[in-house]
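If you want the building blocks of each chain, they are given just below.
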Amino acid sequence: MTRARIVIDRDFTVGEVPRRLFGSFVEHMGRCVYTGIYEPGHPSADADGLRTDVLELVAEMGPTVVRYPGGNFVSGYRWTDGIGPVEDRPRRLDGAWHTVESNRFGLHEFVGWARKAGVEVMEAINLGTAGVEEARALVEYANHPGGTYWSDLRRANGAEEPFDIRLWCLGNEMDGPWQIGHKTASEYGRLAQETAKAMRLVDPRLELVACGSSNSGMPTFGAWEETVLSHTYEEVDFISLHAYYQEHDGDAASFLASSVDTDHFISRVAATADAVGAKLKSKKQINLSFDEWNVWYQRGLDSEDQPHRIAEQPWREHPRVIEDTYNVTDAVVVGTLLNSLLRHGDRVQIANQAQLVNVIAPIRSEPGGPAWRQSSFHPFARTAALAKGQILQTRVSSDKHPTARFGDVDTVDVSATWDEENGRVALFLANRGLDEAAEVEVELRGLVAGTGATAEVLTTPEGGDRFTANTAEDPARVGLTDLAVGVEDGRVRLTLPALSWACVQLPVSLG
Ligand code: AHR
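Residues numbered from 1 in each chain as written. Predicted model: local features only at pLDDT ≥ 70, side-chain atom pairs only at ≥ 80, totals over all residues. Heavy atoms only, no water.

Colleague: Help me out: how do you make sense of the site of the ligand in this one?
Modeller: Lining the immediate environment of the ligand, one finds Phe25, Glu27, Met29, Gly71, Asn72, Trp97, Asn172, Glu173, Tyr244, Glu292, Trp296 and Gln355. Contacts to the ligand include asparagine 72, whose backbone N or O atom sits 2.9 Å from an oxygen atom. Between an oxygen atom of the ligand and a side-chain N or O atom of tyrosine 244, the distance comes to 2.9 Å. Within the complex, 95% of the 290 Å² of free accessible area of the ligand lies under protein. Here the shell around the ligand is composed, by residue class, of 5 nonpolar, 4 polar and 3 charged. (Near = heavy atom within 4 Å. Polar contact = N/O pair within 3.5 Å; in protein donor to acceptor, adjacent residues only side chain to side chain. Areas by Shrake-Rupley, 256 points an atom, 1.4 Å probe, with all protein chains shown as cover. Nonpolar A, V, L, I, M, F, W, Y, C, P; charged D, E, K, R; others polar.)

Have a look at this one:
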(Lines give C-alpha, C1' and ligand atoms only; values in the text may rest on other atoms or scores of the structure.)
Protein backbone atom coordinates (compact mmCIF):
# COMPACT_ATOMS: atom_id res chain seq x y z
CA MET A 1 0.00 0.00 0.00
CA THR A 2 1.29 3.47 -0.93
CA ARG A 3 1.09 6.12 1.81
CA ALA A 4 0.84 9.89 1.59
CA ARG A 5 0.43 12.58 4.22
CA ILE A 6 -0.68 16.05 3.22
CA VAL A 7 -0.74 19.18 5.39
CA ILE A 8 -2.73 22.26 4.48
CA ASP A 9 -2.87 25.48 6.50
CA ARG A 10 -5.38 28.24 5.95
CA ASP A 11 -2.60 30.84 6.40
CA PHE A 12 -0.46 29.42 3.58
CA THR A 13 -2.19 30.35 0.38
CA VAL A 14 -0.97 30.64 -3.21
CA GLY A 15 -3.58 33.20 -4.24
CA GLU A 16 -7.18 33.34 -5.38
CA VAL A 17 -8.29 30.70 -7.89
CA PRO A 18 -8.17 32.51 -11.25
CA ARG A 19 -11.49 31.67 -12.87
CA ARG A 20 -9.85 31.87 -16.30
CA LEU A 21 -7.77 28.82 -15.37
CA PHE A 22 -10.63 26.67 -16.61
CA GLY A 23 -10.53 27.76 -20.22
CA SER A 24 -10.97 25.82 -23.42
CA PHE A 25 -10.29 26.27 -27.11
CA VAL A 26 -12.35 26.18 -30.31
CA GLU A 27 -10.31 26.15 -33.52
CA HIS A 28 -11.44 25.89 -37.12
CA MET A 29 -9.76 22.51 -37.23
CA GLY A 30 -11.22 19.12 -38.06
CA ARG A 31 -14.71 18.85 -36.57
CA CYS A 32 -14.38 21.21 -33.62
CA VAL A 33 -16.61 23.89 -35.18
CA TYR A 34 -18.46 22.08 -37.99
CA THR A 35 -20.41 19.07 -36.61
CA GLY A 36 -18.87 19.90 -33.21
CA ILE A 37 -20.42 23.04 -31.76
CA TYR A 38 -22.25 23.95 -35.00
CA GLU A 39 -24.38 21.66 -37.12
CA PRO A 40 -27.51 23.11 -38.72
CA GLY A 41 -29.88 20.25 -39.39
CA HIS A 42 -28.77 18.21 -36.39
CA PRO A 43 -31.81 17.07 -34.36
CA SER A 44 -30.59 19.14 -31.39
CA ALA A 45 -29.64 22.27 -33.39
CA ASP A 46 -31.23 25.54 -32.34
CA ALA A 47 -32.34 28.31 -34.72
CA ASP A 48 -28.68 29.41 -35.08
CA GLY A 49 -27.50 25.91 -36.01
CA LEU A 50 -25.77 25.40 -32.64
CA ARG A 51 -25.88 21.90 -31.20
CA THR A 52 -27.75 22.14 -27.91
CA ASP A 53 -26.66 18.62 -26.90
CA VAL A 54 -23.05 19.87 -27.05
CA LEU A 55 -24.00 23.14 -25.32
CA GLU A 56 -25.50 21.13 -22.44
CA LEU A 57 -22.26 19.17 -22.02
CA VAL A 58 -20.24 22.40 -22.19
CA ALA A 59 -22.43 23.86 -19.39
CA GLU A 60 -21.75 20.76 -17.28
CA MET A 61 -18.02 20.89 -18.00
CA GLY A 62 -17.85 24.55 -16.99
CA PRO A 63 -15.17 26.26 -19.11
CA THR A 64 -14.97 29.94 -18.26
CA VAL A 65 -13.15 31.36 -21.29
CA VAL A 66 -12.77 29.96 -24.83
CA ARG A 67 -9.96 30.82 -27.25
CA TYR A 68 -10.96 31.22 -30.91
CA PRO A 69 -10.48 30.79 -33.96
CA GLY A 70 -7.01 29.12 -33.73
CA GLY A 71 -4.42 27.76 -33.35
CA ASN A 72 -2.41 27.35 -36.49
CA PHE A 73 -5.57 28.18 -38.45
CA VAL A 74 -5.51 31.81 -37.36
CA SER A 75 -2.14 32.50 -39.00
CA GLY A 76 -3.69 32.42 -42.48
CA TYR A 77 -7.21 33.59 -41.56
CA ARG A 78 -8.89 36.73 -42.87
CA TRP A 79 -11.43 37.58 -40.17
CA THR A 80 -13.47 39.58 -42.69
CA ASP A 81 -14.26 36.30 -44.54
CA GLY A 82 -16.40 35.25 -41.57
CA ILE A 83 -18.74 38.27 -41.37
CA GLY A 84 -21.74 39.44 -43.42
CA PRO A 85 -24.42 37.39 -45.17
CA VAL A 86 -23.43 33.73 -45.04
CA GLU A 87 -24.23 33.17 -48.74
CA ASP A 88 -21.71 35.89 -49.71
CA ARG A 89 -18.84 34.51 -47.67
CA PRO A 90 -15.88 33.13 -49.63
CA ARG A 91 -14.75 29.54 -49.56
CA ARG A 92 -11.00 29.47 -48.97
CA LEU A 93 -8.17 27.00 -48.77
CA ASP A 94 -6.81 26.74 -45.23
CA GLY A 95 -3.13 25.88 -45.51
CA ALA A 96 -2.67 25.13 -41.80
CA TRP A 97 -4.89 22.04 -41.84
CA HIS A 98 -5.13 21.51 -45.62
CA THR A 99 -8.89 21.95 -45.65
CA VAL A 100 -11.55 23.98 -47.42
CA GLU A 101 -13.02 26.59 -45.06
CA SER A 102 -16.60 27.48 -45.93
CA ASN A 103 -16.73 30.47 -43.52
CA ARG A 104 -20.34 29.63 -42.68
CA PHE A 105 -19.24 30.09 -39.07
CA GLY A 106 -17.38 33.28 -38.12
CA LEU A 107 -17.07 35.96 -35.46
CA HIS A 108 -20.79 36.71 -34.97
CA GLU A 109 -21.63 33.03 -34.77
CA PHE A 110 -18.86 32.41 -32.24
CA VAL A 111 -19.84 35.33 -30.04
CA GLY A 112 -23.45 34.07 -30.18
CA TRP A 113 -22.30 30.58 -29.18
CA ALA A 114 -20.10 31.96 -26.36
CA ARG A 115 -23.06 33.89 -24.93
CA LYS A 116 -25.23 30.78 -24.94
CA ALA A 117 -22.37 28.79 -23.37
CA GLY A 118 -21.81 31.51 -20.75
CA VAL A 119 -18.08 31.81 -21.54
CA GLU A 120 -15.75 34.74 -22.13
CA VAL A 121 -14.32 35.12 -25.64
CA MET A 122 -10.52 35.03 -26.01
CA GLU A 123 -9.88 36.17 -29.57
CA ALA A 124 -6.67 35.35 -31.43
CA ILE A 125 -5.49 37.60 -34.25
CA ASN A 126 -3.52 36.67 -37.34
CA LEU A 127 0.11 37.76 -37.08
CA GLY A 128 1.24 35.27 -39.74
CA THR A 129 -0.12 36.70 -43.00
CA ALA A 130 -1.76 39.80 -41.48
CA GLY A 131 -0.64 42.53 -39.12
CA VAL A 132 -1.33 45.87 -37.48
CA GLU A 133 -4.04 47.08 -39.85
CA GLU A 134 -6.20 43.93 -39.77
CA ALA A 135 -5.88 43.72 -35.98
CA ARG A 136 -6.92 47.28 -35.23
CA ALA A 137 -9.81 46.99 -37.70
CA LEU A 138 -10.99 43.87 -35.87
CA VAL A 139 -10.86 45.62 -32.49
CA GLU A 140 -12.85 48.54 -33.91
CA TYR A 141 -15.35 46.12 -35.45
CA ALA A 142 -15.75 44.12 -32.24
CA ASN A 143 -15.57 46.77 -29.53
CA HIS A 144 -16.33 50.26 -30.81
CA PRO A 145 -19.94 51.31 -30.17
CA GLY A 146 -20.68 52.89 -33.59
CA GLY A 147 -20.28 55.85 -35.93
CA THR A 148 -17.15 54.52 -37.68
CA TYR A 149 -16.64 52.32 -40.75
CA TRP A 150 -15.91 49.04 -38.93
CA SER A 151 -18.29 49.49 -35.99
CA ASP A 152 -21.14 50.45 -38.33
CA LEU A 153 -20.39 47.39 -40.44
CA ARG A 154 -20.84 45.24 -37.32
CA ARG A 155 -24.15 46.93 -36.65
CA ALA A 156 -25.22 46.46 -40.27
CA ASN A 157 -24.33 42.78 -39.84
CA GLY A 158 -26.85 42.48 -37.02
CA ALA A 159 -24.90 43.25 -33.82
CA GLU A 160 -26.05 46.64 -32.56
CA GLU A 161 -24.10 46.35 -29.31
CA PRO A 162 -20.30 45.90 -29.26
CA PHE A 163 -18.99 42.39 -28.55
CA ASP A 164 -16.75 43.88 -25.85
CA ILE A 165 -13.94 41.32 -26.21
CA ARG A 166 -11.23 42.07 -23.64
CA LEU A 167 -8.78 39.19 -23.98
CA TRP A 168 -6.69 38.86 -27.16
CA CYS A 169 -3.84 36.59 -28.32
CA LEU A 170 -1.23 38.27 -30.52
CA GLY A 171 -0.87 35.42 -33.03
CA ASN A 172 -0.20 31.74 -32.42
CA GLU A 173 3.01 29.71 -32.02
CA MET A 174 4.99 32.17 -34.11
CA ASP A 175 8.30 30.40 -33.29
CA GLY A 176 7.16 27.23 -35.09
CA PRO A 177 8.56 26.63 -38.60
CA TRP A 178 5.18 25.02 -39.42
CA GLN A 179 3.37 28.28 -38.73
CA ILE A 180 2.14 30.24 -41.76
CA GLY A 181 4.17 33.46 -41.57
CA HIS A 182 6.68 31.98 -39.07
CA LYS A 183 8.98 34.66 -37.66
CA THR A 184 12.18 35.07 -35.73
CA ALA A 185 11.85 36.27 -32.14
CA SER A 186 12.86 39.83 -33.04
CA GLU A 187 10.58 39.96 -36.09
CA TYR A 188 7.65 38.72 -34.01
CA GLY A 189 8.56 40.82 -30.96
CA ARG A 190 8.52 44.05 -32.94
CA LEU A 191 5.31 43.15 -34.79
CA ALA A 192 3.55 42.14 -31.57
CA GLN A 193 4.68 45.34 -29.87
CA GLU A 194 3.35 47.59 -32.65
CA THR A 195 0.15 45.57 -33.05
CA ALA A 196 -0.51 45.71 -29.31
CA LYS A 197 0.02 49.47 -29.32
CA ALA A 198 -2.36 49.99 -32.26
CA MET A 199 -5.04 47.71 -30.76
CA ARG A 200 -4.89 49.56 -27.43
CA LEU A 201 -5.20 52.90 -29.22
CA VAL A 202 -8.61 51.66 -30.37
CA ASP A 203 -9.57 50.15 -27.01
CA PRO A 204 -7.29 50.74 -23.98
CA ARG A 205 -9.10 48.12 -21.89
CA LEU A 206 -7.66 45.15 -23.81
CA GLU A 207 -5.67 42.39 -22.10
CA LEU A 208 -3.02 41.05 -24.44
CA VAL A 209 -1.16 37.74 -24.66
CA ALA A 210 2.20 37.56 -26.49
CA CYS A 211 3.26 34.22 -28.01
CA GLY A 212 5.77 32.25 -26.01
CA SER A 213 7.42 29.11 -27.39
CA SER A 214 5.24 26.43 -28.99
CA ASN A 215 6.60 24.02 -26.39
CA SER A 216 9.49 23.82 -23.97
CA GLY A 217 11.39 21.46 -26.30
CA MET A 218 11.78 24.10 -29.01
CA PRO A 219 15.46 24.87 -29.69
CA THR A 220 14.79 28.56 -29.07
CA PHE A 221 12.84 28.04 -25.82
CA GLY A 222 13.92 30.64 -23.26
CA ALA A 223 15.73 32.88 -25.73
CA TRP A 224 12.43 33.34 -27.60
CA GLU A 225 10.58 34.46 -24.45
CA GLU A 226 13.42 36.79 -23.50
CA THR A 227 13.59 38.52 -26.90
CA VAL A 228 9.83 38.74 -27.38
CA LEU A 229 9.28 40.18 -23.92
CA SER A 230 12.13 42.65 -24.23
CA HIS A 231 10.15 44.17 -27.13
CA THR A 232 6.65 43.78 -25.75
CA TYR A 233 7.01 43.97 -21.94
CA GLU A 234 5.18 47.24 -21.43
CA GLU A 235 2.55 46.51 -24.12
CA VAL A 236 1.31 43.04 -23.07
CA ASP A 237 -0.04 41.37 -19.95
CA PHE A 238 0.67 37.69 -20.56
CA ILE A 239 3.13 35.37 -22.28
CA SER A 240 1.74 32.07 -23.59
CA LEU A 241 2.79 28.46 -22.89
CA HIS A 242 1.71 25.37 -24.85
CA ALA A 243 2.29 21.73 -23.84
CA TYR A 244 0.90 18.40 -25.01
CA TYR A 245 1.72 15.06 -23.39
CA GLN A 246 1.46 11.44 -24.48
CA GLU A 247 2.64 8.01 -23.44
CA HIS A 248 5.81 6.96 -25.26
CA ASP A 249 6.64 3.28 -25.83
CA GLY A 250 4.42 2.03 -23.01
CA ASP A 251 6.20 4.17 -20.38
CA ALA A 252 3.08 4.84 -18.33
CA ALA A 253 5.04 5.91 -15.23
CA SER A 254 6.67 8.86 -17.03
CA PHE A 255 3.42 9.76 -18.78
CA LEU A 256 1.58 9.82 -15.45
CA ALA A 257 4.29 12.14 -14.09
CA SER A 258 3.81 14.70 -16.90
CA SER A 259 2.83 17.41 -14.40
CA VAL A 260 6.45 17.43 -13.20
CA ASP A 261 7.30 18.83 -16.63
CA THR A 262 4.42 21.32 -16.43
CA ASP A 263 5.67 22.53 -13.03
CA HIS A 264 9.19 23.10 -14.43
CA PHE A 265 7.93 24.73 -17.61
CA ILE A 266 5.83 27.24 -15.65
CA SER A 267 8.66 28.09 -13.25
CA ARG A 268 11.10 28.65 -16.11
CA VAL A 269 8.82 30.94 -18.10
CA ALA A 270 7.95 32.94 -14.95
CA ALA A 271 11.68 33.28 -14.15
CA THR A 272 12.48 34.41 -17.71
CA ALA A 273 9.67 36.99 -17.65
CA ASP A 274 10.89 38.30 -14.29
CA ALA A 275 14.47 38.51 -15.55
CA VAL A 276 13.33 40.68 -18.48
CA GLY A 277 11.31 42.84 -16.06
CA ALA A 278 14.40 43.27 -13.87
CA LYS A 279 16.55 44.27 -16.85
CA LEU A 280 13.95 46.81 -17.92
CA LYS A 281 13.57 48.04 -14.32
CA SER A 282 9.83 47.62 -14.80
CA LYS A 283 7.35 47.60 -11.93
CA LYS A 284 5.04 45.43 -13.97
CA GLN A 285 4.68 41.63 -13.68
CA ILE A 286 3.93 39.55 -16.77
CA ASN A 287 1.60 36.67 -16.00
CA LEU A 288 1.29 33.36 -17.83
CA SER A 289 -1.41 32.20 -20.23
CA PHE A 290 -1.15 28.41 -20.62
CA ASP A 291 -3.42 28.65 -23.62
CA GLU A 292 -2.94 25.15 -25.06
CA TRP A 293 -2.50 22.07 -22.89
CA ASN A 294 -3.72 18.50 -23.02
CA VAL A 295 -2.94 14.87 -23.73
CA TRP A 296 -2.39 14.44 -27.49
CA TYR A 297 -1.27 11.20 -29.09
CA GLN A 298 0.97 12.57 -31.83
CA ARG A 299 1.30 9.16 -33.42
CA GLY A 300 3.94 8.23 -35.91
CA LEU A 301 3.85 7.80 -39.64
CA ASP A 302 0.99 5.30 -39.51
CA SER A 303 -1.73 7.82 -38.88
CA GLU A 304 -3.25 9.83 -41.71
CA ASP A 305 -4.99 12.33 -39.43
CA GLN A 306 -1.79 13.73 -37.90
CA PRO A 307 -0.76 17.27 -38.83
CA HIS A 308 2.47 16.25 -40.59
CA ARG A 309 0.50 13.95 -42.95
CA ILE A 310 -2.61 16.01 -43.48
CA ALA A 311 -1.14 17.74 -46.54
CA GLU A 312 -0.98 14.33 -48.26
CA GLN A 313 -4.79 14.15 -48.19
CA PRO A 314 -7.12 15.68 -50.80
CA TRP A 315 -8.64 19.06 -49.85
CA ARG A 316 -11.61 18.29 -47.61
CA GLU A 317 -14.17 20.15 -45.49
CA HIS A 318 -14.00 19.53 -41.73
CA PRO A 319 -12.49 16.02 -41.94
CA ARG A 320 -11.90 13.87 -38.86
CA VAL A 321 -8.57 15.09 -37.50
CA ILE A 322 -6.82 13.98 -34.29
CA GLU A 323 -10.01 12.73 -32.67
CA ASP A 324 -8.12 11.09 -29.83
CA THR A 325 -10.08 8.71 -27.64
CA TYR A 326 -9.08 9.21 -24.01
CA ASN A 327 -8.80 6.37 -21.53
CA VAL A 328 -8.48 6.06 -17.74
CA THR A 329 -4.73 6.80 -17.77
CA ASP A 330 -5.26 9.93 -19.87
CA ALA A 331 -7.95 11.19 -17.47
CA VAL A 332 -5.62 10.79 -14.49
CA VAL A 333 -2.92 12.75 -16.36
CA VAL A 334 -5.43 15.52 -17.17
CA GLY A 335 -6.30 15.69 -13.44
CA THR A 336 -2.62 16.10 -12.53
CA LEU A 337 -2.10 18.79 -15.19
CA LEU A 338 -4.99 20.72 -13.63
CA ASN A 339 -3.29 20.25 -10.23
CA SER A 340 -0.11 21.79 -11.61
CA LEU A 341 -2.01 24.77 -13.05
CA LEU A 342 -3.76 25.32 -9.72
CA ARG A 343 -0.52 25.07 -7.73
CA HIS A 344 0.83 27.90 -9.91
CA GLY A 345 -2.36 29.95 -9.90
CA ASP A 346 -0.47 33.01 -8.67
CA ARG A 347 1.28 33.28 -12.07
CA VAL A 348 -0.81 31.16 -14.44
CA GLN A 349 -3.90 33.31 -14.71
CA ILE A 350 -5.33 31.82 -17.91
CA ALA A 351 -5.26 28.22 -19.15
CA ASN A 352 -7.08 26.63 -22.08
CA GLN A 353 -7.45 22.93 -22.53
CA ALA A 354 -7.09 22.24 -26.25
CA GLN A 355 -9.61 21.66 -27.68
CA LEU A 356 -13.30 21.58 -26.70
CA VAL A 357 -15.08 19.21 -29.08
CA ASN A 358 -13.82 16.30 -31.23
CA VAL A 359 -10.26 17.58 -31.82
CA ILE A 360 -8.21 16.20 -28.86
CA ALA A 361 -11.26 17.07 -26.81
CA PRO A 362 -13.15 16.11 -23.65
CA ILE A 363 -16.42 16.18 -25.62
CA ARG A 364 -17.05 14.06 -28.70
CA SER A 365 -19.94 14.28 -31.15
CA GLU A 366 -21.08 12.43 -34.23
CA PRO A 367 -22.59 14.22 -37.25
CA GLY A 368 -26.35 13.74 -36.91
CA GLY A 369 -25.68 11.56 -33.87
CA PRO A 370 -24.94 11.71 -30.17
CA ALA A 371 -22.51 13.76 -28.11
CA TRP A 372 -20.73 12.25 -25.11
CA ARG A 373 -18.19 12.83 -22.33
CA GLN A 374 -14.70 11.42 -22.73
CA SER A 375 -12.92 10.17 -19.59
CA SER A 376 -10.92 13.43 -19.43
CA PHE A 377 -14.17 15.44 -19.19
CA HIS A 378 -14.63 14.45 -15.55
CA PRO A 379 -11.48 15.83 -13.84
CA PHE A 380 -11.93 19.09 -15.75
CA ALA A 381 -15.62 19.43 -14.88
CA ARG A 382 -15.21 18.65 -11.19
CA THR A 383 -12.11 20.83 -10.74
CA ALA A 384 -13.78 23.77 -12.53
CA ALA A 385 -16.86 23.37 -10.34
CA LEU A 386 -15.14 22.88 -6.97
CA ALA A 387 -11.91 24.93 -7.09
CA LYS A 388 -13.14 28.16 -5.51
CA GLY A 389 -11.70 30.80 -3.21
CA GLN A 390 -8.04 30.52 -2.18
CA ILE A 391 -5.54 28.02 -3.53
CA LEU A 392 -3.81 26.42 -0.54
CA GLN A 393 -0.17 25.41 -0.48
CA THR A 394 0.16 21.65 0.04
CA ARG A 395 2.95 20.04 2.06
CA VAL A 396 3.08 16.50 0.66
CA SER A 397 5.06 13.57 2.09
CA SER A 398 4.27 10.79 -0.34
CA ASP A 399 5.87 7.46 -1.13
CA LYS A 400 7.72 7.84 -4.38
CA HIS A 401 8.26 5.66 -7.41
CA PRO A 402 10.89 5.77 -10.18
CA THR A 403 10.22 7.14 -13.65
CA ALA A 404 12.52 7.07 -16.68
CA ARG A 405 11.95 10.73 -17.59
CA PHE A 406 11.59 12.48 -14.24
CA GLY A 407 13.48 10.34 -11.70
CA ASP A 408 11.64 9.55 -8.44
CA VAL A 409 8.25 11.24 -8.25
CA ASP A 410 5.55 11.49 -5.58
CA THR A 411 3.05 8.75 -6.20
CA VAL A 412 0.22 10.91 -4.85
CA ASP A 413 -0.27 14.30 -6.52
CA VAL A 414 -2.52 16.97 -5.02
CA SER A 415 -3.89 20.49 -5.14
CA ALA A 416 -6.28 22.13 -2.68
CA THR A 417 -8.55 25.15 -2.45
CA TRP A 418 -10.44 26.80 0.40
CA ASP A 419 -13.72 28.55 -0.24
CA GLU A 420 -14.09 30.62 2.94
CA GLU A 421 -17.47 32.03 1.93
CA ASN A 422 -19.06 28.59 1.66
CA GLY A 423 -16.92 26.95 4.36
CA ARG A 424 -15.52 24.27 2.08
CA VAL A 425 -12.12 22.82 1.29
CA ALA A 426 -11.73 20.97 -2.01
CA LEU A 427 -8.93 18.46 -2.55
CA PHE A 428 -7.92 17.14 -5.97
CA LEU A 429 -5.87 13.97 -5.70
CA ALA A 430 -4.28 11.51 -8.07
CA ASN A 431 -2.75 8.12 -7.34
CA ARG A 432 -0.19 7.74 -10.14
CA GLY A 433 0.74 4.23 -9.02
CA LEU A 434 -0.45 1.57 -11.43
CA ASP A 435 -0.54 -1.34 -9.00
CA GLU A 436 -1.18 -0.23 -5.44
CA ALA A 437 -3.90 1.68 -3.68
CA ALA A 438 -2.79 4.77 -1.75
CA GLU A 439 -3.79 5.56 1.82
CA VAL A 440 -3.99 9.34 2.15
CA GLU A 441 -4.16 11.35 5.35
CA VAL A 442 -4.80 15.09 5.25
CA GLU A 443 -4.05 17.26 8.28
CA LEU A 444 -5.77 20.62 8.44
CA ARG A 445 -4.25 23.56 10.29
CA GLY A 446 -6.31 26.62 11.13
CA LEU A 447 -9.37 24.81 9.80
CA VAL A 448 -11.62 22.27 11.48
CA ALA A 449 -13.19 19.55 9.38
CA GLY A 450 -16.92 19.21 9.91
CA THR A 451 -19.20 16.31 9.12
CA GLY A 452 -20.51 15.50 5.68
CA ALA A 453 -17.29 15.12 3.69
CA THR A 454 -17.85 13.55 0.28
CA ALA A 455 -15.49 12.20 -2.38
CA GLU A 456 -15.77 11.01 -5.97
CA VAL A 457 -13.24 8.90 -7.85
CA LEU A 458 -12.40 8.04 -11.45
CA THR A 459 -10.55 4.78 -11.86
CA THR A 460 -10.45 1.60 -13.93
CA PRO A 461 -14.02 0.31 -14.17
CA GLU A 462 -14.97 -3.25 -13.25
CA GLY A 463 -13.76 -5.61 -15.99
CA GLY A 464 -11.73 -2.87 -17.69
CA ASP A 465 -8.09 -1.88 -17.71
CA ARG A 466 -6.13 1.36 -17.85
CA PHE A 467 -6.91 1.69 -21.57
CA THR A 468 -10.68 1.55 -21.09
CA ALA A 469 -12.43 4.54 -22.66
CA ASN A 470 -15.89 5.91 -23.37
CA THR A 471 -17.31 5.41 -26.85
CA ALA A 472 -20.48 6.41 -28.69
CA GLU A 473 -21.81 2.91 -27.96
CA ASP A 474 -20.76 2.90 -24.30
CA PRO A 475 -20.47 6.58 -23.35
CA ALA A 476 -20.46 6.15 -19.56
CA ARG A 477 -17.97 3.29 -19.17
CA VAL A 478 -15.43 5.59 -17.45
CA GLY A 479 -16.93 8.05 -15.00
CA LEU A 480 -17.11 9.12 -11.40
CA THR A 481 -18.26 6.97 -8.49
CA ASP A 482 -18.54 7.73 -4.79
CA LEU A 483 -15.50 7.10 -2.63
CA ALA A 484 -15.49 6.63 1.14
CA VAL A 485 -13.87 9.44 3.10
CA GLY A 486 -13.50 9.59 6.87
CA VAL A 487 -12.81 12.44 9.27
CA GLU A 488 -11.29 11.48 12.62
CA ASP A 489 -9.44 13.66 15.16
CA GLY A 490 -9.52 16.50 12.64
CA ARG A 491 -7.74 14.39 10.03
CA VAL A 492 -9.21 13.35 6.73
CA ARG A 493 -8.54 9.81 5.56
CA LEU A 494 -9.28 8.10 2.29
CA THR A 495 -7.93 5.30 0.13
CA LEU A 496 -7.33 6.04 -3.52
CA PRO A 497 -7.51 2.99 -5.80
CA ALA A 498 -4.47 2.30 -8.00
CA LEU A 499 -4.46 4.63 -11.01
CA SER A 500 -7.16 7.05 -9.96
CA TRP A 501 -8.15 10.68 -9.77
CA ALA A 502 -10.42 11.90 -6.97
CA CYS A 503 -11.96 15.06 -5.62
CA VAL A 504 -13.01 15.61 -2.02
CA GLN A 505 -15.45 18.20 -0.68
CA LEU A 506 -14.91 18.96 2.96
CA PRO A 507 -17.07 21.24 5.08
CA VAL A 508 -14.76 23.30 7.33
CA SER A 509 -14.94 26.01 9.96
CA LEU A 510 -12.20 28.29 11.21
CA GLY A 511 -9.98 26.63 13.82
O1 AHR B 1 -4.51 22.34 -30.87
C2 AHR B 1 -3.98 21.85 -32.06
C3 AHR B 1 -2.82 22.68 -32.59
O4 AHR B 1 -1.71 22.52 -31.75
C5 AHR B 1 -3.01 24.18 -32.66
O6 AHR B 1 -3.60 24.60 -33.84
C7 AHR B 1 -1.60 24.69 -32.59
O8 AHR B 1 -1.53 25.97 -32.01
C9 AHR B 1 -0.86 23.63 -31.79
O10 AHR B 1 0.33 23.28 -32.41
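Colleague: Explanation requested: helix 6 (residues 223-232) in the structure shown.
Modeller: Helical geometry: 3.6 residues make up each α-helical turn, so side chains three or four residues apart lie on a common side. For helix 6, every residue scored as buried is listed here: Trp224, Glu225, Val228, Leu229 and Thr232. For helix 6, the arc enclosing every buried residue in end-on projection is 110°, short of the 170-degree limit, so these residues lie on one face. In this structure, the buried residues of helix 6 make contact with helix 5 (185-202), strand 9 (207-210), strand 10 (238-245) and helix 8 (258-279). (Buried < 20%, exposed > 50% of the residue type's maximum accessible area, 1.4 Å probe, protein only. Helix = DSSP H or I, 4+ residues; strand = E, 2+ residues; numbered from the N terminus. Arc of directions from axis to C-beta. Contact = heavy atoms within 4.5 Å.)

Colleague: Looking at this model, I keep getting lost on the environment of alanine 498. Mind explaining?
Modeller: Within the element layout of this structure, alanine 498 appears in the loop between strand 26 (491-496) and strand 27 (500-510). Put simply, alanine 498 and aspartate 435 are 63 residues apart on the chain and 5.4 Å apart in space, counted from C-alpha to C-alpha. Ignoring any residue separated from it by four or fewer positions in sequence, one finds alanine 498 in contact with Asn431, Gly433, Leu434, Asp435, Glu436, Ala437 and Thr459.

Colleague: In this structure, what is going on with unusual backbone geometry? I would like to understand it.
Modeller: Here the bond from glycine 70 into glycine 71 is cis, since omega is 15°, no more than 30 degrees from zero. Residues alanine 354 and glutamine 355 are joined by a peptide bond in cis, for which omega reads -5°. Structurally, the position occupied by glutamine 355 is in the loop between strand 12 (348-354) and strand 13 (363-365). For glutamate 173, which is not glycine, the phi dihedral falls at a positive 40°. Tracing the backbone shows glutamate 173 in the loop between strand 8 (167-170) and helix 5. Non-glycine residue leucine 499 carries a positive phi angle of around 45°. Mapped onto the secondary structure, leucine 499 falls in the loop between strand 26 and strand 27.

Colleague: Help me out: how do you make sense of the pattern of salt bridges in this one?
Modeller: Close approach of charged atoms allows side chains with opposite charge to pair. All chains considered together, the criterion is met by 41 salt bridges. Aspartate 164 is the salt-bridge partner of arginine 166, the closest N and O atoms lying 3.0 Å from each other. A relative accessible area of 36% places aspartate 164 in the partly exposed class. One network of salt bridges, with partners in common, ties together Arg5, Glu441, Glu443, Arg445, Arg491 and Arg493. (Salt bridge = Lys/Arg side-chain N within 4 Å of Asp/Glu carboxyl O.)

Colleague: Looking at this model, I keep getting lost on the sheet that holds strand 12. Mind explaining?
Modeller: Note: strands within a sheet are paired through backbone hydrogen bonds, in either parallel or antiparallel orientation. Sheet architecture is closed into a barrel: 8 strands sit in the order 3-4-7-8-9-10-11-12, paired in parallel fashion. Adjacent strand axes in the sheet meet at a mean angle of 30°, parallel and antiparallel pairs treated alike. Alignment of strand 3 (residues 23-25) against strand 12, held across 3 bridges, turns out to be parallel. Residue pairing in the sheet places glycine 23 in a bridge with asparagine 352 of strand 12. Relative to the sheet, helix 5 contacts strand 7 (120-125), strand 8 and strand 9, its axis offset from that of strand 8 by approximately 150°. (Pairing = 2+ DSSP bridges. Axes fitted to C-alpha atoms, helices over the stretch in contact; angles between N-to-C directions.)

Colleague: Can you help me understand the domain arrangement of the chain in this one?
Modeller: Often, the extent of an interface is quoted as the loss of accessible area on bringing the components together. When the domains of the chain are assigned, the result is domain 1 (2-10 + 390-510) and domain 2 (18-386). Opposite the 40 residues of domain 1 that make contact, domain 2 presents 36 residues. Where domain 1 abuts domain 2, roughly 3,100 Å² becomes buried across the two surfaces, and 65% of that area is made up of carbon and sulfur atoms. On the domain 1 side of the interface with domain 2, the three residues burying the most area are Phe406, Arg466 and Trp501, jointly 19% of the side's total. Across the domain 1-domain 2 interface, the total number found is 3 salt bridges. Close ionic contact of glutamate 247 with arginine 466 constitutes a salt bridge, the shortest N to O distance being 2.7 Å. Between domain 1 and domain 2 we count 14 residue pairs in polar contact (both at pLDDT 80 or more) in total. The residue makeup of the side of domain 1 that touches domain 2, split by class, is 21 nonpolar, 12 polar and 7 charged. (Domains from an automatic or database assignment. Buried area = accessible area lost by both parts, 1.4 Å probe.)

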